[in-house]
Amino acid sequence: MATQGQVITCKAAVAWEANKPLLIEEVQVAPPQAGEVRVKILFTALCHTDAYTWSGKDPEGLFPCILGHEAAGIVESVGEGVTEVQPGDHVIPCYQAECRECKFCKSGKTNLCGKVRAATGVGVMMNDRKSRFSVKGASIYHFMGTSTFSEYTVVHDVSVAKIDPKAPLEKVCLLGCGVPTGLGAVWNTAKVEAGSIVAVFGLGTVGLAVAEGAKTAGASRIIGIDIDSKKFEIAKNFGVTEFVNPKDHDKPIQQVIVDLTDGGVDYSFECIGNVSIMRAALECCHKGWGTSVIVGVAASGQEISTRPFQLVTGRVWKGTAFGGFKSRSQVPWLVEKYMKKEIKVDEYITHNLTLAEINEAFDLMHEGGCLRCVLKVHG
Ligand SMILES: NC(=O)C1=CN([C@@H]2O[C@H](COP(=O)(O)OP(=O)(O)OC[C@H]3O[C@@H](n4cnc5c(N)ncnc54)[C@H](O)[C@@H]3O)[C@@H](O)[C@H]2O)C=CC1
Ligand SMILES: N[C@@H](CCC(=O)N[C@@H](CSC=O)C(=O)NCC(=O)O)C(=O)O
Ligand SMILES: [Zn+2]
Ligand SMILES: [Zn+2]
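Source: prediction; values computed, not measured.

Parameters at a glance
Residues numbered from 1 in each chain as written. Chains lettered and ligands numbered in written order. Predicted model: local features only at pLDDT ≥ 70, side-chain atom pairs only at ≥ 80, totals over all residues. Heavy atoms only, no water. Donors = N, O, S within 2.8 Å, 3.2 Å for Na, K, Ca; no water. Tetrahedral: all angles 85-135°; square planar, octahedral: opposite > 155°, others 65-115°. Buried < 20%, exposed > 50% of the residue type's maximum accessible area, 1.4 Å probe, protein only. UniProt positions renumbered as here; feature names shortened; annotations may be inferred. Helix = DSSP H or I, 4+ residues; strand = E, 2+ residues; numbered from the N terminus. Near = heavy atom within 4 Å. Polar contact = N/O pair within 3.5 Å; in protein donor to acceptor, adjacent residues only side chain to side chain. Areas by Shrake-Rupley, 256 points an atom, 1.4 Å probe, with all protein chains shown as cover. Nonpolar A, V, L, I, M, F, W, Y, C, P; charged D, E, K, R; others polar. Axes fitted to C-alpha atoms, helices over the stretch in contact; angles between N-to-C directions. Parallel < 35°, antiparallel > 145°, perpendicular 65-115°, else oblique. Left-handed = near helix turned anticlockwise from the far one by under 90°. Contact = heavy atoms within 4.5 Å. Expected span 1.5 Å × (residues − 1).

Perfect tetrahedral coordination of a metal by four donors corresponds to 109.5 degrees between them, and perfect octahedral coordination by six donors corresponds to 90 or 180 degrees. Protein coordination of the zinc ion (ligand 4) is provided by Cys99 (SG), Cys102 (SG), Cys105 (SG) and Cys113 (SG), with donor distances spanning 2.3 to 2.4 Å. One can describe the site at the zinc ion (ligand 4) as tetrahedral: its four donor atoms subtend angles covering 106 to 116 degrees at the metal. The motif formed by the donor residues of the zinc ion (ligand 4), counted along the single chain, is C-x2-C-x2-C-x7-C. This pair shows no difference in class: cysteine 105 is buried, exactly as cysteine 113 is.

Structure follows, in structure tokens:
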């Protein structure tokens, strides 16, 4: 490999400051150190969480940084001691690592991993607590341990899933975040049973994947709630059976859902990141057993609240990160499910642009007609 062990100069979209347009810069990407992998990113999508951190509302957001965490690419080179991937392997970077050795991984109770989280939360690599990215000598922070808005990135070996080389990277990049999060929220976190009544708040990619997961789990009713009625037509393709726009009602939305469902839903999912809606999602659950899962990411300083009586009377409040999936073990399995046409992926892609057009892609996300925009990163 001509580039192995060398600094690579390539293009990346740098967020220099919160809310300021990203700039396409020539970035120097250092070679991977021990336990690290340098990946040529071919395709990356944008997730609402990228916009959240860019907005300055993420308490872990650091600038300047290279955002991006829903992508696919090919391993360019590996550092010392890396055994599970090699140059040429097709991979999906995983913001939720899986080391299989730490207390979290060994617990069998969670998909969270503690091996590199202390570094990925502050934008550096574990080895030397430094970044592998720089622009004209100035260090640029990593983001979520992935930084996929770059032609090349460096990730920890515990943060990369090797996938079937036959899988189309321009599609399966979505399996790096939004689609698994929604499916897993239903299958792993809530464990929705056949016949259940489900409410989904927010019909973006994550909410639609919740609907898809609920449909495959055999839910009898899937109620989609969104303030953008344009989402309703598309949501039918993902299994939503009924639609509610809170703007059409004078009553609190939880009361509307309770009235529609003879006392409340069996499961609800908040896929927006709005703490008032998180409360509504809990309070529209059926007394005695209803479970609400928080999926949305809320801004710094926001807190959830409800009357404790809601929990005393049997409702359960949960949350999920990456849908509870063990990333390195299960992302390849999700890719296989896609290849066998058992889960949707293509249907979430509404736009295709290039890395150079990334600011336009963020604009599309805020305009509402966009589920996922996939960026071609090279060429
Ligand atoms: N927990 C996790 O592991 C993950 C969490 N997320 C979070 O999930 C959330 C959803 O992500 P995406 O689907 O990418 O976002 P999105 O922006 O595509 O979708 C959000 C949807 O919510 C709707 N909405 C906004 N305000 C509303 C309100 N007050 N009532 C009803 N509907 C409303 C919007 O019209 C839109 O359709 C975000 O907060 C994101 O940060 C995303 C991926 C993983
Ligand atoms: N940094 C944020 C928290 C962001 C967050 O909750 N991230 C999710 C994934 S969102 C993907 O699009 C997650 O998996 N969290 C678990 C983790 O280990 O980070 C903040 O501090 O608010
Ligand atoms: Zn995401
Ligand atoms: Zn671990």
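Now that the structure has been shown, we can carry on.
In this numbering, the UniProt entry assigns the feature "domain: Alcohol dehydrogenase-like N-terminal" (unreviewed entry) to residues 34-163. Between the end C-alpha atoms of residues 34-163 there is a gap of 22 Å, over a span that is 12% helix and 28% strand.

The environment of ligand 2 is made up of 14 residues, and the closest members are Thr49, Tyr52, Asp58, Glu60 and Arg117. One of the side-chain nitrogen or oxygen atoms of threonine 49 is found 2.6 Å away from an oxygen atom of ligand 2. Aspartate 58 places a polar side-chain atom, nitrogen or oxygen, 2.9 Å from a nitrogen atom of ligand 2. For ligand 2, the protein covers 73% of the area, taking 530 Å² as the surface of the free molecule.

Here the focus is the site of ligand 1. In the neighbourhood of ligand 1, 27 residues make up the surrounding shell, with His48, Thr49, Asp226, Lys231 and Phe322 lying closest. Measuring from a nitrogen atom of ligand 1, one finds a backbone N or O atom of isoleucine 227 at 3.5 Å. Between an oxygen atom of ligand 1 and a side-chain N or O atom of lysine 231, the distance comes to 2.8 Å. Protein chains bury 87% of the 870 Å² of accessible surface belonging to ligand 1 in isolation. Of all the secondary structure elements, the ones that give two or more residues to the shell around ligand 1 are helix H1 (48-54) and helix H6 (205-216). The residue inventory of the shell around ligand 1, partitioned by class, reads 13 nonpolar, 10 polar and four charged.

Turning next to the packing of helix H5 (residues 178-190) against H6. Across the interface, H5 lies against H6 with an axial gap of 7 Å and an inter-helix angle of 40 degrees. Relative to H6, the element H5 is oriented oblique. The way H5 lies across H6 gives a crossing that is right-handed. Every residue of H6 that contacts H5 at Gly178, Val179, Thr181, Gly182, Leu183, Ala185, Val186 and Trp187 is listed here: Thr205, Val206, Ala209, Val210, Glu212, Gly213, Ala214 and Thr216. When the residues that make up the contact of H5 with H6 are grouped by side-chain class, the tally is nine nonpolar, six polar and one charged.

Let us now look at the UniProt feature "domain: Alcohol dehydrogenase-like C-terminal" (unreviewed entry) in the protein chain. Per the UniProt entry, the sites bearing "domain: Alcohol dehydrogenase-like C-terminal" (unreviewed entry) are residues 206-333 in this numbering. Here residues 206-333 runs as 35% helix and 16% strand, with 19 Å between its end C-alpha atoms.

Only Cys47 (SG), His69 (NE2) and Cys177 (SG) from the protein coordinate the zinc ion (ligand 3), and they sit 2.0 to 2.3 Å from it. Given four donor atoms and angles of 95 to 128 degrees at the metal, the environment of the zinc ion (ligand 3) is assigned as tetrahedral. Donor residues binding the zinc ion (ligand 3) come from one chain and are separated in sequence as C-x21-H-x107-C. Highlighted residues: cysteine 47 in the loop between strand E3 (36-45) and H1 and histidine 69 in the loop between H1 and strand E4 (70-78), separated in sequence by 22 residues. There is no split in this pair, since cysteine 47 and histidine 69 are both buried.

Before going further, it helps to spend a moment on helix H11 (residues 327-339). The first and last C-alpha atoms of H11 sit 18 Å apart over 13 residues, in line with the 18 Å expected at 1.5 Å per residue. Where H11 is buried, its residues contact strand E5 (90-93), strand E9 (160-162), helix H4 (169-172) and H5. Lysine 341 occupies a position one or two residues after H11 and carries a positive phi of about 60 degrees.

A few words now on unusual backbone geometry. Residues phenylalanine 63 and proline 64 are joined by a peptide bond in cis, for which omega reads 0 degrees. Considering the arrangement of structural elements, one finds proline 64 in the loop between H1 and E4. A positive phi is found at arginine 129, a non-glycine position, where the angle reads about 55 degrees. Here arginine 129 lies in the loop between helix H3 (117-120) and strand E6 (133-135). Positive phi, normally seen in glycine, also occurs at aspartate 262, with a value near 55 degrees. Here aspartate 262 lies in the loop between helix H8 (253-260) and strand E13 (267-270).

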